[in-house]
Amino acid sequence: MKTIIALLISILTCNLVLAQSIKLVNAGTIEYEKSVNMFALGREMIKATQASSFGSLYEQAFDQYQKNRPQFGVVKSVLTFAGNKALYTPGKTDDVVPFMGSAQVVNQFNTVYSDLSANSRIVQKDIGNDHYLLTDSLSRIKWKIVGGNEDVAGYACREAHGVILDSVYVVAFYTDKIRANAGPESFSGLPGMILKVVLPHEHITWTATKVTEEVPPTPVVPPKKGKPVNNKELTDNLKKTVGRNLKIYML
């Protein structure tokens, strides 16, 4: 009997030590880099214009672009979170020189506030001289956890695949060591923080480069700049201005 009691005490002690060693993060700041494969976007544009009278000129321009510019355009952003609130703030894109219409894909225009407990978000979209403020539910992403593993910013992450906006394929890596089930832009809905997102067909990747496990220095509050719109009003406005890249703007 004494042996059984001693064994139970040993097991409980080990479990307690293990639980104490697993630190779950409830607040902090995450720095992301958004990387866009400019050469892949350029090749798609060249292919689409081959039949036009300007096809050869576009090819010459793209050849020069590849010789003088880096393959990947990289821009930064920051996500702050505390409890069930998260705020994603994009950085500037001034240092990236796009090839022709690829500027729309490189640009960062969404400031995203997520209230995870209320399943709601407020998105400030700054597109040119137009500013919109969308209040909506969190993005609806059909996730499937596939079990692959990858280390991102020092965190062991599991892999998940999903579909957003009916046809945009998403690969994500999340960690359950950070409780908030948020991520860059409006990506959310996994059992932990998303530290990496890949849109393979759009040639875009967001990757966390640094996680600071401290309460954010400023409160996590929603953006306020812009004309209030619902989803339909926003879509109707963007159809008039952004054309074929509409889904990129709706993320």
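Up top you'll find the structure we're talking about.
Residues numbered from 1 in each chain as written. Predicted model: local features only at pLDDT ≥ 70, side-chain atom pairs only at ≥ 80, totals over all residues. Heavy atoms only, no water.

Focus: the overall build of the chain
(1) Moving on: Scanning the chain from terminus to terminus reveals six helices and 12 strands.
(2) Moving on: Considering the chain as a whole, with its 251 residues, one finds that 44% of them fall into the buried category.
(3) Moving on: Considering only intrachain contacts with a sequence separation of at least 6, the fraction spanning at least 24 residues in the chain is 59%.
(4) Moving on: Accessible surface, the chain as shown: approximately 13,700 Å² in total, 55% of it carbon and sulfur. (Helix = DSSP H or I, 4+ residues; strand = E, 2+ residues; numbered from the N terminus. Buried < 20%, exposed > 50% of the residue type's maximum accessible area, 1.4 Å probe, protein only. Contact = heavy atoms within 4.5 Å. Areas by Shrake-Rupley, 256 points an atom, 1.4 Å probe, with all protein chains shown as cover.)

Regarding empty space enclosed by the protein
(1) Moving on: Counted according to the given criterion, the structure contains two cavities of 30 Å³ or more.
(2) Moving on: By volume, the largest cavity amounts to about 70 Å³.
(3) Moving on: Along the walls of the largest cavity sit Lys34, Asn107, Gln108, Phe109, Asn110, Glu185, Ile204, Trp206, Ile248 and Leu251, which together make up its complete lining.
(4) Moving on: Classifying every residue of the lining of the largest cavity by side-chain character gives five nonpolar, three polar and two charged.
(5) Moving on: In this structure, the second largest cavity encloses a volume near 50 Å³.
(6) Moving on: Lining the second largest cavity are 13 residues, and of these Ala86, Ser114, Ala182, Gly183 and Glu185 sit closest to its centre.
(7) Moving on: Among the secondary structure elements, those contributing two or more residues to the lining of the second largest cavity are strand 3 (85–90) and strand 4 (110–115). (1 Å grid on protein atoms, 1.4 Å probe; cavity = no way out; pocket = protein on both sides within 12 Å on 5 of 7 lines; lining within 4 Å. Points joined across faces, edges and corners; volume = space filled by probe spheres on them. Nonpolar A, V, L, I, M, F, W, Y, C, P; charged D, E, K, R; others polar.)

Brief notes about the pattern of salt bridges
(1) Moving on: Within the structure shown, the criterion is met by six salt bridges.
(2) Moving on: One salt bridge connects lysine 85 with aspartate 115, and the closest N-O pair in it is separated by 3.9 Å. Taken together, the residues lysine 85 in strand 3 and aspartate 115 in strand 4 connect sequence positions 30 residues apart.
(3) Moving on: Of the charged contacts, one joins lysine 196 and glutamate 150 as a salt bridge, the two residues approaching to 2.8 Å between their closest N and O atoms. Placement of lysine 196 in strand 10 (residues 193–199) and of glutamate 150 in strand 7 (residues 142–152) is noted, with a sequence separation of 46 residues between them.
(4) Moving on: Residue glutamate 150 is classed as partly exposed on the basis of its relative accessible area, which comes to 27%. (Salt bridge = Lys/Arg side-chain N within 4 Å of Asp/Glu carboxyl O.)

Observations regarding the sheet that holds strand 6 (residues 130–137)
(1) Moving on: Here 12 strands make up an open sheet; going across it, the order is 7-8-9-10-11-1-2-3-4-5-6-12 and the pairing mixed. With one partner strand each, in any of the chains shown, strand 7 and strand 12 (227–229) form the two edges of the open sheet. Within the sheet, the average angular offset between the axes of one strand and its neighbour, ignoring direction, is 20°.
(2) Moving on: Across seven bridges, strand 8 (residues 155–164) lies against strand 9 (residues 168–175) in antiparallel orientation. Its bridge partner being in strand 9, histidine 161 is matched across the sheet by valine 171.
(3) Moving on: On top of the sheet, helix 2 (residues 38–49) reaches strand 1 (27–37) and strand 2 (72–82); it is set at about 40° to strand 1, its chief contact. (Pairing = 2+ DSSP bridges. Axes fitted to C-alpha atoms, helices over the stretch in contact; angles between N-to-C directions.)

None of this, on its own, says anything about what the molecule does.
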